[in-house]
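Structure assessment
Take a look at the letters that make up each chain.
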Amino acid sequence: MTIQSALKVGLAKVFVYALLALFLIPAITFVFTGYVQRDQDARFVAGVSQRIDAERAMPAAEKQARKDYYRANPPSTICTSTDPEAQDYRAAMCERYGDVWQFHMARKASLWALVAGAALLVAVLGLGALAFVDRKMQYTSFVTGWHLTTWASAAALVVQGAMAVWLSFWVTAFFFHKYSPKLIIIVGLAVAVGVFVAVAGIFKRVHSGSHAVGELVSEEDAPLLWKRIRHMAQRLKTEPPQHIVAGIDANFFVTEAPLTVGDKTLTGRTLFVSLPLLRVLDQAEADAVFGHELAHLRGGDTQSSARLGPKLVQFDHYRDAIRTGGLSAVVSPLLDLYRTIFEIALARDSREREFKADRIAAKLVTPAAIAQSLVKIAAYAQYRFKIEDELFDRNERHGPQTLGIAGFVAQGLAPYASSDDFVDAMKTANVPHPFDSHPAMPERLRNVGMPLKEQDYGAIAVRKPASTWVQEILTADAIEQRLWSDYEKQFAQDHERSLAYRYEPANDEERALVLQYFPPVVFALKGNDTVEVSIDGIHTSADGVTVRWDAVKALEYKESSFGNALIVSHPEKNAMGLGAKTTKIRLPGLKKEKDYFNAVVADYWQRHQIMRAQQQAELVD
């Protein structure tokens, strides 16, 4: 499934959720108030008719006229009547905060909420459509949509929250002739928290800086490379980058957003070059890549991304706050709807930008150079990811020695390029990029007029370059050595921690590693008692209870005036066969550390579940 098609499927789902978020509670309120008003009207008219019929001195014609009047003007309509003759009737029935007044106002509010929801939905769809017009309109659309959807979601939460609190009283009061103060308080508090989260999130500012792992390449370190970049920028009639950063990631990119490299934050135009990729690309192929990236600068792509990027980050942080803010999550589909529409527009725009940049690079250098660079970059990235996955999947500790990922890739790329797996991978391969989703490589090759045959990919991928730009960077070897060393150390640490989750453990060496990350944690209880959480399970000295992780199906921490406890549900049924067997682990005196205790228990139980899942996967393989 392509990114575009996946986004469209996601759009269909989130559209349904948005409809529910906008209209469900107002619709329930509208239907409920209508039902109650009809019931009130029927009971009122029946009661009034009985009293009128009881008036013996009243003529029959007048009785019928009065009954007809009340049938035509029941309580549900009298609050909006302007008939001066109905003033006393209206004053009696529509007293502020009375039952009739409440249902009249609730029905009116729910109707307007439905109308406002429909208008908001049309506005969101319209702003989303504007994002497809052009890049300038895209920015205007997003900023407008950002403010509209955030404030609208907060307002919807206030209105719908008020309806929810009102319904929590009246639904039970009407149908069961009683109400639950506890339910009303719970709903009210949930609404208050949700509104606070929604409003606070609007004013919260988020840092949106980008980071790159690499080192600056000065003009003194690579004079010919800088000269070539400036010459190509001049030919494209655009300003050249102010900075060149060399790294070992398997991609190239340009940006005009602030970029943190080490302890420095670079501003202005920055070009990131991959030293491993520059070693496999000859100078013409690398020039085509540089031309592609400079085309992004000329076309205003990076400037647009620099302006829009922080707004997207801010909006996404707000969405995340809404989702995790309790009741505020009910309005998140509205935000998701607009963000999904906008993401489709961004993906389409990104695709068009990449095609245009490829064509410019082909014209600036040659179509063959850009086509061959795409194949080499995709092949290197695919194989490097494959090697790293294999190294990470190993169940043995890598140890203190150098991993040599670069060497593995260099030695194994040629055999991999001649395999059937390589051809299958290249059919859907794309060139990795940190800021954009690039089209699949075969589409890009056709775009520049070089639709290569599948059997040609392997030969191109392993073709040795006659000369490379790495040779012109005096500090390249030293930079690569430092970066690979740091990268492999972090890789080994991450792998070692993953082993702590995978090992049961089966021997002393494995146990020592697991205990390094998951040592026994002891919590003090009342008196001299303790509860210990370890990789084996939970043990408390308070009543000598030990529960092993394999015997745990669910965990629930309960607080009580009689003492806190952890309720453990087991996989097997209880003695009556009516539910899960449970064990109560008493935790007297555990108050201040309860949050830490629950976090430790959850972490150690999760480790055990991951370990068992890993064992099952190995059995299947």
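For the structure, check the block above.
Below you will find a few notes about this structure.

Conventions used here
Residues numbered from 1 in each chain as written. Predicted model: local features only at pLDDT ≥ 70, side-chain atom pairs only at ≥ 80, totals over all residues. Heavy atoms only, no water. Patch = residues over 30% accessible without salt bridge, like charges linked within 9 Å, V, L, I, M, F, W, Y side chains within 5 Å. Areas by Shrake-Rupley, 256 points an atom, 1.4 Å probe, with all protein chains shown as cover. Salt bridge = Lys/Arg side-chain N within 4 Å of Asp/Glu carboxyl O. Helix = DSSP H or I, 4+ residues; strand = E, 2+ residues; numbered from the N terminus. Disulfide = S-S within 2.5 Å. Buried < 20%, exposed > 50% of the residue type's maximum accessible area, 1.4 Å probe, protein only. Pairing = 2+ DSSP bridges. Contact = heavy atoms within 4.5 Å. Axes fitted to C-alpha atoms, helices over the stretch in contact; angles between N-to-C directions. Phe/Tyr/Trp six-rings, centres within 6.5 Å; stacked < 30°, edge-to-face > 60°. Lys NZ or Arg CZ within 6 Å of the ring centre and 35° of its normal. Lys, Arg positive; Asp, Glu negative; His and termini not counted. Charge placed at Lys NZ, Arg CZ, Asp CG, Glu CD. Parallel < 35°, antiparallel > 145°, perpendicular 65-115°, else oblique. Left-handed = near helix turned anticlockwise from the far one by under 90°. Nonpolar A, V, L, I, M, F, W, Y, C, P; charged D, E, K, R; others polar.

Take a nonpolar patch on the surface next. A cluster of nonpolar side chains, namely V16, Y17, L20, L24 and I28, defines an oily patch on the protein surface of about 470 Å² accessible area. Looking at the secondary structure, you find L20 in helix α1 (residues 3-54).

It is worth spelling out the state of the cysteines at this point. What we call a disulfide is simply a covalent bond connecting the sulfur atoms of a pair of cysteines. Under the defined criterion, the tally for this structure stands at 1 disulfide. Through a disulfide, C79 is tied to C94; the S-S separation comes to 2.1 Å. With the S-S dihedral at roughly -105 degrees, the linkage between C79 and C94 falls on the left-handed side. Of this pair, C79 sits in the loop between α3 (75-78) and α4 (87-93) while C94 sits in the loop between α4 and α5 (99-130), and the two are 15 residues apart along the sequence. When its relative accessible area of 15% is taken as the criterion, C94 is described as buried.

Across the sheet, 4 strands lie side by side as β2-β3-β7-β4; this open sheet has mixed pairing. Both edges of this open sheet fall to β2 (215-216) and β4 (253-255), since each of them pairs with a single strand only. Both strand β3 (residues 243-247) and strand β7 (residues 270-274) contribute to a ladder of 5 bridges, which runs parallel. The residue bridging I244 from the neighbouring strand is L271, located in β7. Docked against the sheet, helix α10 (residues 283-298) engages β4 and β7, running at close to 20 degrees with respect to β4.

Under the definition given, this model contains 35 aromatic pairs. Here F252 and F290 contribute two aromatic rings whose centre-to-centre distance is 6.4 Å and whose plane-to-plane angle is 75 degrees, an arrangement assigned as edge-to-face. Remark: F290 occurs in helix α10 and F252 occurs in the loop between β3 and β4; sequence separation between them is 38 residues. One exposure class covers both F252 and F290, and it is buried. A connected cluster of aromatic rings, assembled from ring pairs, spans F32, Y35, F103, W166, F169, W170, F174, F175 and Y179. Between the NZ or CZ atom of R307 and the centre of the ring of Y139, over which it lies, the distance is 3.7 Å. One cation-aromatic arrangement involves R607 over F518; the distance from NZ or CZ to the ring centre is 5.9 Å.

As a further point, take a positive patch on the surface. A contiguous patch of positive charge on the surface is contributed by K237, R298, K356, R359 and K363. Examining the composition of the positive patch, we find that 3 residues originate from one element, helix α12 (residues 332-364), more than from any other. As for its position among the elements, R298 is in helix α10.

This brings us to the environment of A506. Assignment of secondary structure puts A506 in the loop between α18 (476-502) and α19 (508-517). For A506 and H539, which are 33 residues apart along the polypeptide, the C-alpha to C-alpha distance reads 21 Å.

The angle between the axes and the distance between the axes are what describe a pair of packed helices. Running from amino to carboxyl end, helix α8 (residues 223-235) crosses α10 at an angle of 50 degrees, the nearest separation of the two axes being 10 Å. One finds that α8 runs oblique with respect to α10. Considering how the two elements wind past one another, α8 and α10 form a crossing that is right-handed. Every residue of α10 that contacts α8 at L225, R228, I229, M232 and A233 is listed here: D287, F290, G291 and L294. Considered class by class, the residues forming the contact of α8 with α10 number 6 nonpolar, 1 polar and 2 charged.

Next up on the list: the sheet that holds strand β8 (residues 521-524). Strand order across the open sheet formed by 4 strands is β8-β9-β10-β11, with antiparallel pairing between neighbours. Because the sheet does not close on itself, it has two edges, and the strands there are β8 and β11 (546-548). Averaged over all adjacent pairs, the angle separating strand axes in this sheet is 10 degrees, with direction ignored. Across 4 bridges, the pairing between β8 and strand β9 (residues 530-533) is antiparallel. Counted as the bridge partner of V522 is E532 from β9. Relative to β8, helix α20 (residues 594-620) is tilted by about 155 degrees, and along the sheet it contacts β8, β9 and β10 (537-540).

A few words now on unusual backbone geometry. Here E504 and P505 are connected by a cis peptide whose omega angle stands at 5 degrees. Structurally, the position occupied by P505 is in the loop between α18 and α19. Within the chain, K237 stands out as a residue other than glycine whose phi angle is a positive 60 degrees. Mapped onto the elements of the fold, K237 is located in the loop between α8 and β3.

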